[in-house]
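# Structural description and commentary
Listed below are the residues making up each chain.
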Amino acid sequence: MTKRSCSPRLTSRPEWKALQAHYRVMKRRTLRDLFAEDPGRGRRLVVDSPGLYLDYSKNLVTDETMQLLFRLAEACGVIESAGRMMAGDRINETENRAVLHTALRNRSNRPVMVDGQDVMPAVREVLDRMGAFARRIRTGEWKGHTGRRIRNVINIGIGGSDLGPAMACQALQGYADPALSVRFVSNVDGTHFLEQTRGLDPAETLFIVASKTFTTQETMTNAETARRWLLQALRDETAVARHFVAVSTNTDAVRKFGIDPANRFGFWDWVGGRYSLCSAIGLPVMVAIGPERFGEMLDGFHAMDRHFLETPVQRNLPVILGLLGVWYNNFFKAETTAVLPYSQALARFAAHLQQLDMESNGKSVDRAGRHVGWQTGPVVWGEPGTNGQHAFYQLIHQGSKMIPADFIGFCRLPETVGDHHDKLMANFLAQTEALAFGKPRTAVVAEGVKRALVPHKVFDGNHPTNTLLADCLDPATLGRLVALYEHKVFVQGVIWNVFSFDQWGVELGKVLAGRILEEIRDPARSLDAHDGSTAALLERYRAGK
Ligand code: G6Q
C-alpha cells in the first residue's frame, strides 16, 4: 500500500491550524450578525450552475473562512485526486481496483483507460443492450411464458443493488410508464417479498436479479423464493428464462440459476455498489422511464462530473459542500447532518445518501492504516419536508445539538395539484430563515407572552443550512444532484485521508450470521463459542420460534 497521501498528517497541516485559529473567532459569531454586517452575502455566497442553485450564505462562515477552507482543499489535492480517479488509477487500494463510476456516464467521446484498455466501448454496449431490453418490455414485445405482456417488474437486490435504483424510480415516477409497475424487494425478511408480490399475476411479472456477486444471502434467498413463486403458478422450468433477467458480473452463477446468459447485463469490478446507479444496476429505472430519459439522467451525472473536475474550487459545488461539512464536523464537532428534500418523490434520497456517505467515509484508519486523530464521516439522516417539520425539526430548532442541514427544493415538479407546490415551497423557505435567525427574547416579550413561557418560545437561531434550489425534478437534475453528493463524499474522503471506496466494516456481521444460521438450524450445536449474551439470546430464539 502506498503512503504517498499520508504526509503531512491532516491536523499538522498549516491550513488546518489556520482554520483552528479562525474557528476560535467564528464560534462566537452568529448568522444574525453576519447578515447584518454583510447583507450582500445572500447573493454572493452562492453558486448558480445550470439547473441548480446553491445558496450557502446561511452558514457560519465569512469570505475568510471560505478562503481558508479552499486552501485546505488545495493543499490536500482534492481536484488532482478526482482527476486520478476519473483517469482510472487504482485509487481503491485495499481492493486494488480502479473507481470509475464516472465512465458509466461519460457522454463525451473521450476514452477512459483501465490497464491500457478503453472501457467506453463495453460501457456503451451494455447501455445499448439495456435500451433494447427496456424497449421490448415497454412496448410489450417481450412476452411472459404464457404469451402475456409483462406488467410488473420486480428488482431483487440489496444495498448498492437496491437503494440507488429504488430512490431514482420513486424520484422520477412522474416520467414513468403508468402501465408498468416497478417494485423492489431487498430485505431477507419474507414480509418484503410477500408484500411486493401480493395480488400480482406471475404470468405478467418479470424479476431483475441485481447482484454484482450473485452470492449475497438476502438477494439469492429472495431470488429463489421468486423462482418458486413463479414455478408454482406456471409449472414449467423453462418459464424461468422468460421471467428472470440478471444484472451481475458472475456469469456462471447466473447461468446456474436458469437465466439465459443473453439476458445478463454485466458491469465491472471498478463500479462500487453504492456508485452503480448509472451501470446496469439502473436497469429498473430505464425500464420505468425509458432509455431516452435514462440518457438524460446520465447527461446530468456527466455535467456534474465535468463541473467537479473543471471548476475552480471557489465555485465548485461538491468542493464547497464537502468543505462546509468538514467545517462543522471537525471544528464545530457536529456529529450528524440532515438532508431534507422538499419533495415526496425524493422520499428515499436520504436513504441513498446514507449508504453513499456512511459506507464510504465511516472509517477510522487513514490510508496508511493508522488510527485517524480526527472525526470522519458524519451520521446522515433525513426525511422529506414538510413531514419532518411535524416530527423532528423541534430538535433542530431548539435542541442542544448542532445539526447542519441541506434543504433541497424545486421551482417546478413534473406533476402537482392545486397550490400544493407554493405551500410546500413557502415552508421550504421559511424553515431555513427560521433556523438561521430564530426569534429573539425581545420579540417574544413584545408579543406579551407570559414571563414563565418566554424561554420556551425563544428560538436562538444560528442553525446552519445549505439551500439547493433546482429548476425542476427531472432526470437530468436528479443525475446532477446524486453526482453532487457522490463527489462531496469524495472531497471529504480525500481531506480525511480515508479510503472511501471499500467497505470492510460490513464483513464481520455477515460471517457471524452464517455461523449462527447453522446453529439455529441444528439445535444440537454447542453455543459455547459465543459470549454469554448472544448465547442466551440464541437459546431464547430457538425456544421461541
Ligand atoms: C455497496 C456495497 C453493498 C453491495 C451489496 C450488494 O457499495 O458494496 O451495499 O452493493 O452488498 O452486493 P451484491 O450486488 O454483490 O449483491
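The coordinates are above.
What this report covers is the structure whose coordinates are included nearby. None of the values given here were measured: they were computed from a predicted structure.

### Things to note about the packing of helix H7 (residues 120-139) against helix H14 (residues 291-310)
- The interhelical angle for the contact between H7 and H14, taken along N-to-C directions, is 145 degrees, at an axis separation of 10 Å. Contact with H7, carried on its side by Leu127, Met130, Gly131, Ala134 and Arg135, involves Pro291, Glu292, Phe294 and Leu298 of H14 and no other residues of that element.
- The residue makeup of the contact of H7 with H14, split by class, is 6 nonpolar, 1 polar and 2 charged.

### A word on the sheet that holds strand E6 (residues 181-185)
- Read from one edge to the other, the open sheet built from 5 strands follows the order E6-E5-E7-E8-E9, with strand pairing classed as parallel. The two strands at the open ends of the sheet, each matched to only one other strand, are E6 and strand E9 (264-265).
- With 5 bridges connecting them, strand E5 (residues 152-156) and E6 associate as parallel partners. In the strand pairing of E6, Ile154 is matched with Arg183.

### Some remarks on the sheet that holds strand E13 (residues 465-472)
- Strand order across the open sheet formed by 6 strands is E1-E2-E13-E12-E10-E11, with mixed pairing between neighbours. Looking at which strands have only one partner, the edges of the open sheet turn out to be strand E1 (46-49) and strand E11 (379-381). For this sheet the average axis-to-axis angle between neighbouring strands, irrespective of direction, equals 15 degrees.
- The pairing of strand E10 (residues 336-341) with E11 spans 3 bridges and is classified as parallel. Its bridge partner being in E11, Thr336 is matched across the sheet by Val379.

### Some thoughts on the packing of aromatic side chains
- Enumeration according to the criterion identifies 26 aromatic pairs in this entry.
- Residues Trp327 and Phe332 carry aromatic rings whose centres are separated by 5.4 Å and whose planes lie at 80 degrees to one another, so their mutual orientation is edge-to-face. A single burial state applies to Trp327 and to Phe332, both of which are buried.
- Positioned above the aromatic ring of Trp142, the side-chain terminus of Arg242 is 4.5 Å from the ring centre.

### Remarks on the environment of Val365
- If you trace the backbone, Val365 turns up in the loop between helix H16 (349-361) and E11.
- Residues Val365 and Leu527, spaced 162 residues apart in sequence, show a C-alpha to C-alpha distance of 33 Å.

### Focus on the site of the ligand
- Residues in contact with the ligand amount to 13 residues; listed here are only the nearest, Ser161, Ser211, Thr213, Thr216 and Gln355.
- Here an oxygen atom of the ligand and a backbone polar atom of Lys212 are 2.7 Å apart.
- Between Gly273 and the ligand, the recorded distance is 3.5 Å, taken from a backbone N or O atom to an oxygen atom.
- Here the ligand, which alone exposes 410 Å², has 85% of that area covered by the protein.

### A word on the side chain of Gln431
- Relative to the helices and strands, Gln431 resides in helix H18 (residues 420-437).
- With near-sequence residues (within four places) excluded, Gln431 lies in contact with Tyr342, Gln389, Tyr393, His397 and Phe407.

### Describing the nonpolar core
- Formed by 125 residues in total, the largest nonpolar core has its most connected members in Trp270, Trp327, Phe349, Tyr485 and Ile495.
- In terms of residues, this core owes the most to one element, helix H21 (residues 475-496), which gives 12 residues.

### Thoughts on the packing of helix H15 (residues 317-331) against H21
- Two numbers describe how H15 lies on H21: the axes approach to 8 Å, and their chain directions differ by 50 degrees. Considered as vectors, H15 and H21 are oriented oblique to each other. The hand of the H15/H21 crossing is right-handed. Counted together, Leu317, Pro318, Val319, Leu321, Gly322, Leu323, Gly325, Val326, Asn329 and Asn330 of H15 and Leu484, Tyr485, His487, Lys488, Val491, Gln492, Ile495 and Trp496 of H21 form the full contact between these two elements.

Rules used in this analysis
- Residues numbered from 1 in each chain as written.
- Predicted model: local features only at pLDDT ≥ 70, side-chain atom pairs only at ≥ 80, totals over all residues.
- Heavy atoms only, no water.
- Axes fitted to C-alpha atoms, helices over the stretch in contact; angles between N-to-C directions.
- Helix = DSSP H or I, 4+ residues; strand = E, 2+ residues; numbered from the N terminus.
- Contact = heavy atoms within 4.5 Å.
- Nonpolar A, V, L, I, M, F, W, Y, C, P; charged D, E, K, R; others polar.
- Pairing = 2+ DSSP bridges.
- Phe/Tyr/Trp six-rings, centres within 6.5 Å; stacked < 30°, edge-to-face > 60°.
- Buried < 20%, exposed > 50% of the residue type's maximum accessible area, 1.4 Å probe, protein only.
- Lys NZ or Arg CZ within 6 Å of the ring centre and 35° of its normal.
- Near = heavy atom within 4 Å.
- Polar contact = N/O pair within 3.5 Å; in protein donor to acceptor, adjacent residues only side chain to side chain.
- Areas by Shrake-Rupley, 256 points an atom, 1.4 Å probe, with all protein chains shown as cover.
- Core = buried A, V, L, I, M, F, W, Y, C linked by side-chain atoms within 4.5 Å.
- Parallel < 35°, antiparallel > 145°, perpendicular 65-115°, else oblique.
- Left-handed = near helix turned anticlockwise from the far one by under 90°.

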